[in-house]
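Structural characterization, general
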Amino acid sequence: MATFSPHPRRTARYSSIGMSPSPPRQGPTRRTRAGGSTQPQSRFSTPARHLPVVRDDESIVSGSGMDVDDEMSEVFERGLKAETVFSKSKEMTVTFYAQLPVEVKQALRNADFYRDAYTGDVDTSTGFAVVASLRTCFVWQYSQALTGTPTCYIFGCPREPNPPPMATPFHALVPFGPQREPGLIICSNIGQIRFWDSIGMGLAGGDNFSFSMLDLTEGENVTNLVRADAQTFIASTSAGRLFRLVVTSSGGKYHLSLHPFGRPQSSLSLSRLLPSFWSEGELLPQPGFVSAVAAEELARGATGRNIWALIDLRIQQWNMSIEGWEKLLWEEDIGDQTRAAVREQFPNAPESDVELDLELLDIKLQKSDDMVMLVSWAGQDEEPSTGLATTPRRVYAIVYLRHLPGAFTITKVQAVPYQSTSSSGAPMHPRLQVVAPERLVAIQFGDAVTICAQENEYMDRLELKSAMDRTLGVGVIPGESEFLVLTAATMMKTSIDLEEVASFHPETGRANLIKSTMTKAILYGSLPENPLHFSFPPEIDEEALMTGAEQLSEAILESDTEVVRAHHDLNAQMTSRKERLSFLIKFINDNSALTKMSQRSRQTLASDAEKLYAAHQLWLRHNEALRAGQADEVLHGAVYRYMNEIGEGHHEDCLRAFLRLRVRDLGGLLPHVAELVRRSRSEMSGKAASVTPQANRIVLTILESAHSYRAYNLGVYGIVPPMMDPWTSRADVIDIVSELFTVTTQLVEAPTGDSETADSRSVPRSQLPELAACLFRCIQERLDWLVSPTASEQAGSERERSMLEDRFRQLRPQVLEVLRRNGFANEAFKLAEDYHDFRSLASLCHKGKVYPPEENPNAARIETYIEKFKEAFTTELYQWYIEHGELRTMFAQDHSPFLDTFFAEHPHPGISWIHDLGRGRYALASQALLAEAEHAPELVSKHLMLSVGKLSHLAQLHEGAKTVDQSVLDAFHDGLDFVSVHETLIDDLKAALASVRTRQSLEMQVDTIAQKKAGNLSSRKALQNVFKYLVRQLLQGKALSVEDMAEVLCLKDNYERVEDYTTALHLLARAESVPSTRRLSVFRNVWRRIYIHDDWNMIRQTTGVSDAELNQRLRSTALYAALQAVVHKRARPEGYKLAPAEALEVPSEEEVALRWPSMSPEEVNAIVRDYQRDSRALRDLDLEGIYQSLDQLVNVDEGIVGDS
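Residues numbered from 1 in each chain as written. Predicted model: local features only at pLDDT ≥ 70, side-chain atom pairs only at ≥ 80, totals over all residues. Heavy atoms only, no water.

Looking now at the packing of helix H16 (residues 731-749) against helix H18 (residues 762-786). One can describe the packing of H16 onto H18 by two numbers: an axis separation of 9 Å at closest approach and a directional angle of 155 degrees. With respect to each other, H16 and H18 are oriented roughly antiparallel. H18 is crossed by H16, and the crossing has left-handed handedness. On H18, the residues touching Val733, Ile734, Val737, Ser738, Leu740, Phe741, Thr744, Thr745, Leu747 and Val748 of H16 are Pro764, Arg765, Leu768, Leu771, Ala772, Cys774, Leu775, Cys778, Ile779 and Arg782. Residue composition of the contact of H16 with H18, by class: 15 nonpolar, three polar and two charged. (Axes fitted to C-alpha atoms, helices over the stretch in contact; angles between N-to-C directions. Helix = DSSP H or I, 4+ residues; strand = E, 2+ residues; numbered from the N terminus. Parallel < 35°, antiparallel > 145°, perpendicular 65-115°, else oblique. Left-handed = near helix turned anticlockwise from the far one by under 90°. Contact = heavy atoms within 4.5 Å. Nonpolar A, V, L, I, M, F, W, Y, C, P; charged D, E, K, R; others polar.)

Structure representation (structure tokens):
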């Protein structure tokens, strides 16, 4: 038994946060037992952050269920049973052991452990416990508290004149055997000693004691009082001195004698007679602060025992003789090798010795030469508080020493799962206890007791919950792997299963320890009578944390009996499981460990919790259906099919078994629900009307509950969207929800004349909005995942994303229209808004009257959307107007700024010119009209655009413009001329129909015109088909291209309109937009037809023909007219004037195919053959001489000298 200083540090260093540590002080007064910061210190390497607890609609779980500080003492006063478990794992069980005496409770209840120091001990060899303050010492037999109220013996402590802060006396019980009450020694900080030979005197006030005084120098203080054996005690001081206290019996009374360590110096001793002989080679102890003393057991027949003392960074070995003298055998500074061993084991330890600030705290013997030592050093918090300097902390480790002849060897350094900071619990000097030699040790701190295995990496700790509680003593039960822990609130018994500890495996053990910690927190942490607080150790392993948390979450889902108590009421059982999962994430958050978990791990925990919540909601709705007398055969059937599929159909109640054991595969239930719906439809038994609503209810309950839970608890689980491949939106889930929506729609909209049947459809009709919302949410959630960087790394994700986006784009308007059609317009609008489907919004807004816009029932809604979504909505709105021909509605609304933006970003020159005219932007309007007119398919539209465009162009003069662009004006003139050509040609062609008396179809009109106006094509069927096609276009009011117009002008007979050949040439000459190669090809076609137009054989018959008559024949040819038309044009494009040889070349099949892309290869080939036929006819005519003659004749007639 021993008592020690309560304070963890030897100086008042770091008395305030933010101060820099000072170097260690030197000298014998370096340390005091008291002093230092009284601020509470944290147990963790990082501070705990208070995050919101996990809640759902039915259960709000608190962390502990009570205010421990206010109620702890009252709870213990009510009494606990010995079998009450505070903590239990495979390796360690902590139970209630005994109550404290009433007197002790009263003293400790109002104690402030940061101001009033208390010390204590559990002496398992006597069966008594001690608690002492500066003034009073309480002693009681704790085993009495197992059966009744223990007797409390109260003693006064030696009074110090000026005690330092947080000072307590040292105490030790003196065992006299089982038949006699023990005695008591109390020693003050300055060496005042009171001795009672029996604690029974405490019942009479404790005034009958013997008094002694240690011979201390000024500033010297007592640091330890330890028991070496039943009658021998050792006291140590801050000056490095040791004192021997011996209980002796004389005259039937017990007395206490004492002396400092050293050789006896009596006058008769040989050392005084022969001083040089005795003193030669004798070591002299060096002064220093004695932090710990360990005494070896006295072996049978031995004349002395070894005493080991820690003085600063040195170890002393003394021989304490049974003859009453002591000798220093060895003293060694182990600071350097301890620092080296610490840095090797802990690479983050400071390199500087000053910054490391190593301290040797305690030492215990395991065997005569094997020792275990507790050390600490300075560390720094990884996450300093904002605005404050980094808070100093102490990091602890166990060092195993072996004493070899002449040296100490460090065999192992082991971490201790505890770190003290400025916010740790009540200050005390941490102390070691060997629970099982060479197997297990325990370390007592002010607010915790840690357990460390020596043979592997197993470690655990008992941590006090209340700030008003603290540890007072730890007593190891001899011969057992058990120890008692005395706190300010109770006494606990801790039992260690050494076999389980020995089987600890580092690869799985760390995760199991984390899981065990969280399991204990769940099972025992919320018990109000439990004095223990559960938390993760500092420097927690991240992989172990994630693995342990996921394993525990899975165990709760599967109703593992180790963490979930059996209950016949499934509702209560599921509620308990939900609370356990909520407590799990709260525990992780309270320990600031969530940031150490990956997103994958966090989302795994969240998915487990949401599945359990959804399953519970499913069970509650099932119970409601049963109470209402409604059948729920779909749920039973789906569960039965699933359980059979996995080989567990043997359960008597498959539904309850599923909800107890298989909640983790809740999504696996959905395919079976869908299959039951398919079967009900295929059987044609009429069950679909009852099966479908039940299936909808099951699917909606599962998915909506999961989604709502997830959304509510994103922050609690620290989830950063998107979810990783979420179970609620996998491809099969989306297909199932889509299928149910389709089936429900068909069921609701199927025609029926039966009023009863119509009434039965009210339930599935009411489910349509929920199904639609669920379907949209699932698809969007899937898309969010597929566009994430993580998903993009997976094969096939890009293809799936593209296909799903297309599907969603096509599906939205269909689903929204179904909702509108079935009386859920508001829900349709809401969904379109939520998913920013502005195209569907525009469509929904115009399902009624569209024009005039003020009479549209959704006019106000349209204005609201424009105000809310601005261009995002107006873009789709105007696009809808354009696609549906509602331009009048678009321009009737006063949204000019939005129209400007729309036309700027989405050019529609065929429409925007109307807006430009209205805004007075005539130049823009004319340019738009000119560009649109060129490609206008309708002749009337082309004519209108050119006419209005010309007027708009000229209107600039009326708006103050001095001039207009002449090239633009010329372009309008050319366009209008081209329209005139159309009109003239149409009139000419329609003249062929004047003699027809009956009403003809379009095709008949085309045939008639071809017969009468293009008789020369009767033998060239391919070109005749081209001619008919172009005539058909003209009769339908279409506007031809320049190429097409040139073709039709030169394909017809032109016996009376040879000027149409020249018109074709002029049109082609101005067609600069036509590619030059294609234009040259059309030029050749026109010139070939000009050359073969006339009967040259008849013209060449000159017998009996005068020159005048011959010239007249030549002037009446189409060739003369063509040459006359082109003779004055100087800037001639290629092909504008071609000699016969130049017109022989015909287009290739590739060119013709490009020219007429809709024609088949056979038709193209036929056209080319007709071209070749014309070319051969031209070659056979041999017109080169006639061409030269006509060219000269035209020059003469036109008065042109030289070659033209």
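Moving on: the nonpolar core. Of all hydrophobic cores here, the largest spans 152 residues; its most connected members are Phe483, Ile588 and Phe873. In terms of residues, this core owes the most to one element, H18, which gives twelve residues. Formed jointly, this core draws a minimum of three residues from each of two domains, domain 1 (506-597) and domain 2 (837-904). By size, the runner-up hydrophobic cluster in this structure holds 87 residues, among which are Phe972, Val1031, Trp1087 and Ala1118. (Core = buried A, V, L, I, M, F, W, Y, C linked by side-chain atoms within 4.5 Å. Buried < 20%, exposed > 50% of the residue type's maximum accessible area, 1.4 Å probe, protein only. Domains from an automatic or database assignment.)

A word on helix H35 (residues 1076-1091). Between the first and last C-alpha of H35 there are 22 Å, a value that for 16 residues agrees with the 22 Å anticipated at 1.5 Å per step. Within H35, 13 of the 16 residues are buried, leaving the element largely enclosed by the surrounding structure. (Expected span 1.5 Å × (residues − 1).)

For the rest of this paragraph, the subject is the confidence of the model for the protein chain. The predicted model of the protein chain averages 84 in pLDDT, with 88% of residues at 70 or higher. Across residues 3-77, confidence stays below pLDDT 50; counting only partners more than four residues off in sequence or on other chains, it has 204 contacts. Every residue in residues 266-280 is under pLDDT 50, and counting partners more than four places away or in other chains gives nine contacts. (pLDDT = per-residue confidence, 0-100.)

Quick look at the packing of helix H8 (residues 506-524) against helix H9 (residues 542-557) now. It is at 7 Å that the axes of H8 and H9 come closest, and there the two elements cross at 50 degrees. Comparing the axis directions of H8 and H9 gives the class oblique. For the pair H8 and H9, the sense of crossing is right-handed. Of H9, the residues touching H8 (which contributes Arg510, Ala511, Asn512, Ile514, Lys515, Met518, Thr519 and Ile522) are Ala544, Leu545, Thr547, Gly548, Ala549, Gln551, Leu552 and Ile556. Split into classes, the residues belonging to the contact of H8 with H9 amount to nine nonpolar, five polar and two charged.

Tallied over the entire structure, the rule returns 28 aromatic pairs. The side chain of arginine 812 reaches across the aromatic face of phenylalanine 808, ending 4.6 Å from its centre. Above the face of the tryptophan 1156 ring, arginine 1155 is positioned so that its terminal group lies 4.2 Å from the ring centre. (Phe/Tyr/Trp six-rings, centres within 6.5 Å; stacked < 30°, edge-to-face > 60°. Lys NZ or Arg CZ within 6 Å of the ring centre and 35° of its normal.)

So, about the pairing of strand E6 (residues 136-141). Here strand E5 (residues 128-132) pairs with E6 via five bridges, running antiparallel. Along E6, the bridge assignment pairs valine 131 with phenylalanine 138. From the end of E5 to the start of E6, which pair antiparallel, there are three residues. Note that E6 and strand E7 (residues 152-156) share five bridges and pair antiparallel. (Pairing = 2+ DSSP bridges.)

The next point concerns the sheet that holds strand E26 (residues 448-453). Across the sheet, which stays open at both edges, the five strands sit in the order E24-E25-E26-E27-E31 with antiparallel pairing between neighbours. Single-partner strands in this sheet number two, and they are strand E24 (431-436) and strand E31 (532-533). Here E24 runs beside strand E25 (residues 440-444); their pairing, made up of five bridges, is antiparallel. Each residue of the ladder has a partner; that of leucine 432, found in E25, is isoleucine 443.

Attention now moves to the sheet that holds E5. The strand order across the open sheet formed by four strands is E4-E5-E6-E7, and the pairing between neighbours is antiparallel. The strands lining the two open edges of the sheet, one partner per strand, are strand E4 (119-123) and E7. With direction set aside, neighbouring strand axes in the sheet form an average angle of 15 degrees. Those strands touched by helix H2 (residues 102-109) are E5, E6 and E7, and its axis lies near 140 degrees from that of E6.

Mapping threonine 450 onto the fold places it in strand E26. Excluding anything up to four places from it in sequence, threonine 450 contacts Val416, Pro417, Tyr418, Val441, Ala442, Ile443, Phe445, Asp460 and Arg461.

It is worth spelling out the side chain of arginine 1020 at this point. Structurally, arginine 1020 can be placed in the loop between helix H31 (1002-1013) and helix H32 (1021-1035). Aside from chain neighbours lying at most four places away, what touches arginine 1020 is Ile1092, Asp1170, Arg1173 and Asp1174.

This part covers the environment of tryptophan 619. In this fold, tryptophan 619 is placed in helix H11 (residues 599-627). Ignoring anything within four residues of it in the chain, the contact list for tryptophan 619 reads Leu570, Asn571, Met574, Leu655, Arg656 and Leu659.

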